[in-house]
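Report on the structure
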Amino acid sequence: MKILSLHIDTFGKLRDHRIDFDSGITEILGDNGYGKTTLAVFIKSMLYGIPDNRDKGKIRKKYAPWSGGDFGGTLDFETERGKYRVSRRFSPKTGDTFELISLETGLQSEDYGEDLGFELFGIDAESYEKCTYLPQHEVDVKITDSIGARLEALLIGSSGNDIVDFREAVDRIKDRRRELELYKGTGGLIENEKNALTECEKEIELLEDKLREAQTLRVEISELENSEKETEDEIDALYKKSAAERKNALLRKDYEMWQSYVADAEQCGADIEKIKTEFKNGVPNSHELERADALEREIAFERRKRAKLVNSEAENAESGIDIPGQFELTQRALDIRSLKDKKNELTACNNAPRKLSSPKMQGIMGIFITVLGNLTAIIGIFTVPALILFGAAVAILGGVIFFISKPEKESAHKDVAQRAEKEREIDRLEHELSEFFSKYGMIFDGNNGEALLSELSAKAQSAEKHKADEERRKNDIRSLDFDIEKKEAELAALLEKYGFFGESERSAREVSELVSKLKNAEKAFGEMCEKAERFKSDKEISEEPPVSELGEKELSRQIEDAQRNLRKLGSDKTRLAERAARLESDAELLPSTKDRREQLQELISEHTERREILDKTAELLEKAKENLSSRHIVDMKNAFEKRFSAIMNIEKEITVDAKFEVKLRDEGGAKKSDAYSTGWQSVIEICQRLALIDSLYRGERPFVILDDPFVNLDKGKISRIKGILRELSEDTQIIYLTCHESRSIK
């Protein structure tokens with residue numbers, strides 16, 4: 001396969017970029033940053049597309065335009081089938097597009113699909129980087145699954161068997177083997193069947209335990225049935241005793257009832273005799289009792305009436321107050337009128353125009369200062385002596401002020417004297433009126449005299465009326481006292497006749513009740529005696545019944561205990577029977593469970609045998625695979641030795657394992673590539689890649705992209721590599737990218 005040309009619309013830093021390729025070696029020389037690696041990624045993207053997964057989606061983000069939008073281009077190539085142009089557009093919004101055009105017809109072609117790289121090279125995108133693309137720095141040489149599968153297919157195909165695929169066969173065997181049993185950990189049919197067998201064994205053991213428990217329960221049920229029979233017999237015997245005891249209890253109850261009737265009659269006779277002892281002079285007749293009762297009621301009524309009058313009198317006496325006479329009220333009315341006139345006159349004087357002269361004020365001031373000085377001197381006598389001198393000085397000053405003031409005019413002195421006289425008269429009248437009203441619980445404020453006097457007048461009239469009412473109540477009380485005394489004398493004479501007066505004093509009502517009680521007792525006594533004789537005759541009572549040893553209550557308790565025990569036995573029997581039935585029902589699964597155990601044992605044995613066969617088959621296939629792999633390892637080893645000797649110009653014993661890991665025999669033994677210098681490592685890795693390409697492609701070969709992989713080599717090695725590449729370019733297209741003329745291979 002050869003690349004003819006490419007055109008980049010937009011891809012990373014490259015835009016509207018076209019390159020035509022030679023069929024042999026195409027060398028692209030450019031400075032660092034030119035976009036050589038971008039060019040290599042573009043070629044891979046045209047063949048394989050750009051992944052859109054989480055990890056490799058970074059490539060899409062890296063080479064997309066900064067401004068957003070689509071990016072991509074076209075790639076023209078030639079294969080054995082013809083010449084084609086692949087066009088890919090990568091869009092984050094509308095999605096990626098793929099188109100394949102035949103350059104010979106100009107029409108769309110279906111010779112290859114979107115997985116173009118795999119169809120051309122037989123390997124996936126990851127393996128493409130490990131095979132036909134040699135980067136600038138570390139050249140990773142690794143036999144991927146895709147590369148390994150192609151090598152095996154080539155080897156098998158070379159033997160003439162294009163159908164057999166070792167890898168697919170081994171994978172299928174291992175998958176089937178994993179279905180039976182995992183290589184590591186737990187899982188698979190055998191493990192599941194073993195687990196099921198373990199559960200089955202546990203279930204069988206549980207069912208056998210249930211069967212044994214059911215048999216034990218049946219024995220216990222039989223014992224409970226025997227206990228039930230014994231308890232039922234015991235209850236029958238107790239019922240018979242109880243019936244006899246009930247009959248005896250009825251007889252004893254009748255006897256005790258008759259005894260109670262006799263006792264009641266005897267008690268009634270005793271009560272009659274006791275009542276009769278109260279009547280020392282005989283029993284009064286009904287007429288006398290009625291008269292005594294009437295007198296007692298009349299006396300009680302009149303006493304209540306008298307008490308009511310007495311209580312009313314006491315209440316009026318307590319609520320009465322000392323009320324002044326009419327003369328005193330008239331005098332106080334004149335005083336109130338005089339007080340009112342005096343106040344009006346004083347108001348008129350005060351409202352008359354007058355002026356207090358300045359000398360008058362000076363005189364008053366002098367008197368005040370003189371008095372203050374005298375008081376200060378007196379206080380100094382008893383406290384601080386210095387205050388005596390100070391007080392004397394103040395008094396002298398006050399005297400001087402007083403004497404230098406001019407006296408008031410004669411008329412002014414006279415007005416003052418008149419007002420003072422009126423004020424004294426007003427004070428006297430207010431004082432007398434205040435004392436007068438306070439005697440009756442009233443407060444005089446100087447202006448409410450007429451109202452208070454009116455209230456006192458009303459109370460005086462009420463007091464006069466109360467006095468007349470009181471006199472009438474006293475007359476009524478005296479009349480009631482006389483009538484009560486007369487009736488009490490008549491009642492006492494009547495009660496004394498029958499001895500209910502003095503020490504044995506009784507009221508008429510009590511005597512009447514006592515007579516009634518005596519008559520009722522005598523009547524009841526006759527009825528009780530008749531009742532006792534009739535009951536004795538009806539019940540045929542002749543002698544006292546015997547007393548029971550246990551008693552009906554004790555027998556009832558024993559019967560209840562026995563019945564409770566019988567119910568418990570029945571409940572226990574039912575519970576055990578239900579439990580036994582459930583256990584026996586569960587145990588019915590025992591035969592089928594044992595059959596299932598045998599089936600699981602047979603399946604485990606069968607699957608174990610099948611697993612062993614699959615393990616042996618896989619082992620034989622792996623050995624066959626190793627035998628086939630050794631063939632392409634030998635070819636790769638020979639190709640590697642050829643190229644390595646040509647570049648290094650030395651001979652080394654080389655070993656290559658199944659993973660294509662190269663070791664060089666040197667002093668001290670075989671060494672891996674990482675034991676050598678960077679230049680040696682680069683040569684080893686380049687030779688590995690070229691040997692891998694020789695092994696993978698024996699017919700139509702792919703192109704090879706060299707992205708400046710010789711940076712770590714000296715001029716001698718580069719010169720020898722040039723010869724190898726020229727030789728390789730005869731049947732393999734080489735695209736060489738470098739940034740320095742010293743590493744040019746043309």
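Residues numbered from 1 in each chain as written. Predicted model: local features only at pLDDT ≥ 70, side-chain atom pairs only at ≥ 80, totals over all residues. Heavy atoms only, no water.

Their axes nearest at 7 Å, the elements helix H7 (residues 189-276) and helix H15 (residues 552-587) cross at an angle of 160°. Comparing their axes, H15 and H7 come out roughly antiparallel. As for the relative orientation of H7 and H15, their crossing is left-handed in sense. Broken down by class, the residue content of the contact of H7 with H15 amounts to 21 nonpolar, 7 polar and 16 charged. (Axes fitted to C-alpha atoms, helices over the stretch in contact; angles between N-to-C directions. Helix = DSSP H or I, 4+ residues; strand = E, 2+ residues; numbered from the N terminus. Parallel < 35°, antiparallel > 145°, perpendicular 65-115°, else oblique. Left-handed = near helix turned anticlockwise from the far one by under 90°. Nonpolar A, V, L, I, M, F, W, Y, C, P; charged D, E, K, R; others polar.)

Our focus in this paragraph is the sheet that holds strand S3 (residues 25-29). Read from one edge of the open sheet, 4 strands run S3-S12-S11-S7, paired in parallel fashion. In this open sheet, the two edge strands, each paired with only one partner strand, are S3 and strand S7 (133-134). Sheet topology places S3 next to strand S12 (residues 734-738); 5 bridges connect them, and they run parallel. When the bridges of S12 are listed, Leu 29 appears paired with Thr 738. (Pairing = 2+ DSSP bridges.)

This paragraph deals with the packing of aromatic side chains. By the definition in use, this model includes 16 aromatic pairs. Considering the side-chain rings of Phe 11 and Tyr 63, the 5.1 Å spacing of their centres and the 20° angle between planes classify their relative orientation as stacked. With a gap of 52 residues between them, Phe 11 in strand S1 (residues 2-11) and Tyr 63 in helix H2 (residues 57-63) connect regions that are remote in the sequence. Like Tyr 63, Phe 11 is buried. Seen in terms of ring centroids, Phe 437 and Phe 444 are 5.8 Å apart; in terms of plane orientation they differ by 25°. Their pairing is stacked. Put simply, the rings of Phe 11, Phe 42, Tyr 63, Phe 71 and Phe 90 pair up and form one aromatic cluster. Above the ring of Tyr 112, the side-chain terminus of Arg 81 is found at 4.7 Å from the ring centroid. Across the ring face of Tyr 183, the terminal group of Arg 177 is positioned such that the distance to the ring centre comes to 4.3 Å. (Phe/Tyr/Trp six-rings, centres within 6.5 Å; stacked < 30°, edge-to-face > 60°. Buried < 20%, exposed > 50% of the residue type's maximum accessible area, 1.4 Å probe, protein only. Lys NZ or Arg CZ within 6 Å of the ring centre and 35° of its normal.)

Each strand in a sheet pairs with its neighbour through backbone hydrogen bonds, running either in the same direction (parallel) or in the opposite one (antiparallel). Read from one edge to the other, the open sheet built from 5 strands follows the order S2-S1-S4-S5-S6, with strand pairing classed as antiparallel. The open sheet has two free edges, formed respectively by strand S2 (14-20) and strand S6 (97-102), since each of these has just one partner strand. The average angle at which neighbouring strand axes cross in this sheet is 10°, direction not considered. Where S1 meets S2, 6 bridges bridge the pair, whose relative direction is antiparallel.

This brings us to the pattern of salt bridges. The final tally for this structure, using the stated rule, is 40 salt bridges. Arg 178 is the salt-bridge partner of Asp 175, the closest N and O atoms lying 3.0 Å from each other. With Asp 175 and Arg 178 both in helix H6 (residues 166-180) and 3 residues apart, the pair spans about one turn of that helix. According to the relative accessible area criterion, Asp 175 is partly exposed, its value standing at 42%. One continuous salt-bridge network, built from bridges that share partners, spans Glu 298, Glu 302, Asp 483 and Lys 487. (Salt bridge = Lys/Arg side-chain N within 4 Å of Asp/Glu carboxyl O.)

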